[in-house]
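Observations on the three-dimensional arrangement
Next come the chains, spelled out residue by residue.
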Amino acid sequence: MILIAIVLATLAAGLGSVWIAAALMRSGIGREDSRFGAQHLLSLAAGALLATAFVHLQPEAFESQINPKALFVTLLLGLVFFFLLDKAELWHHGHEHRHAPPQERGHSHGDTHDSHGHAHHNTAGGWSLLTGDSVHCFGDGILIASAFMADMRLGVVAGISVLAHEVPHHMGDLVVLAGNDNRSQRGVALLKLSLAGAVTALGGVVGYFLVSSLASFLPYFLAIASSSFIYVALADLIPQLQRQLTAKQTAQQVAWLAAGMIVVSAVSTWAHGAHGHAGHDHTEQH
């Protein structure tokens, strides 16, 4: 039952994030001039990641009998590890959005660095991007599996958080791979990203058997999952929100950040209720 849930959640997070990203781009959502822009998506994702890490994953890890200092050391080492993966372009998020929203990448803004970077990623860099995405998706699958092995509710929350932060990332990837106005390449780019996203399910299956065989190390897996979410939120997403904005725009950022936290809490409450009700029914049957 848990393995099936892991596969479904990882497919939803891996493939769902790609297809949602493509749908949002077609509808025009995510543009800076729309009511629901790229900044809103990034704020929502960052809020979801931080809430999942600090309110759900970390407390679950610290409920074990393991020395808290050991878990904090694991968290620290995890942050360093993901920093090194980021350096190797294997855990990189938001790199397409740092200078402009997804729909504006590739246009001339008087920024020669942007133009050069976009051309580079559209050639040989495209495969490097897909390789990095695949590695990241595989890691996400293991992290989601770790959360499910601890608690079904925690797994659902982790899956939702991964989905949330992958959507703005994949929006940028689609632009990098296909180009803003190249319709003939959009289908190919969507297929490539879908294949990379499907690797999340593979990571989930591997994570299930890995955590099963190392059950006593589950709190450490949860601490590593926390470090991943914290790193992506603080090192990739939030820096993109550090822009000169009006008071109204800043308030909107904060509101969407809070919305991400609220969504995670709501999903957790719903999953806890559903899990508890299912457990109650199961007890009554016996």
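Now for a quick tour of the structure. (Residues numbered from 1 in each chain as written. Predicted model: local features only at pLDDT ≥ 70, side-chain atom pairs only at ≥ 80, totals over all residues. Heavy atoms only, no water.)

A look at the nonpolar core
The biggest cluster of nonpolar side chains holds 40 residues, and the ones touching the most others in it are Leu 57, Trp 91, Phe 229 and Leu 237. Listed by contribution, the elements that provide at least two residues to this core are helix H1 (2–27), helix H2 (38–62), helix H3 (68–87), helix H5 (125–150), helix H6 (152–178) and helix H8 (218–237). Among the elements that take part in this core, H8 stands out by supplying eleven residues, more than any other. The residues contacting Leu 237, other than those within four sequence positions of it, are Leu 42, Ala 45, Ala 46, Leu 49, His 165 and Val 232. Within the second largest apolar cluster, 18 residues are counted, among which are Val 18, Leu 41, Leu 190 and Leu 193. (Core = buried A, V, L, I, M, F, W, Y, C linked by side-chain atoms within 4.5 Å. Buried < 20%, exposed > 50% of the residue type's maximum accessible area, 1.4 Å probe, protein only. Helix = DSSP H or I, 4+ residues; strand = E, 2+ residues; numbered from the N terminus. Contact = heavy atoms within 4.5 Å.)

What to know about the packing of aromatic side chains
Taken as a whole and assessed by the stated rule, the structure comprises four aromatic pairs. Taking 5.0 Å as the distance between ring centres and 50° as the angle between the ring planes, the aromatic pair formed by Phe 62 and Phe 72 counts as tilted. Linking Phe 62 in helix H2 with Phe 72 in helix H3, this pair joins segments that are ten residues apart in sequence. Classification of Phe 72 as partly exposed rests on a relative accessible area of 48%. (Phe/Tyr/Trp six-rings, centres within 6.5 Å; stacked < 30°, edge-to-face > 60°.)

Concerning the packing of H2 against H3
The contact between H2 and H3 brings their axes to 10 Å, and the two run at 140°. It follows from the interaxial angle that H2 and H3 lie oblique. On H3, the residues that touch Gln 58, Ala 61 and Phe 62 of H2 are Pro 68, Leu 71, Phe 72 and Leu 75. Split by residue class, the contact of H2 with H3 holds six nonpolar, one polar and no charged. (Axes fitted to C-alpha atoms, helices over the stretch in contact; angles between N-to-C directions. Parallel < 35°, antiparallel > 145°, perpendicular 65-115°, else oblique. Nonpolar A, V, L, I, M, F, W, Y, C, P; charged D, E, K, R; others polar.)

Observations regarding the pattern of salt bridges
Applying the stated rule across the entire model yields one salt bridge. Salt-bridge contacts for Asp 151 lead to Arg 153; the nearest nitrogen and oxygen are separated by 3.6 Å. (Salt bridge = Lys/Arg side-chain N within 4 Å of Asp/Glu carboxyl O.)

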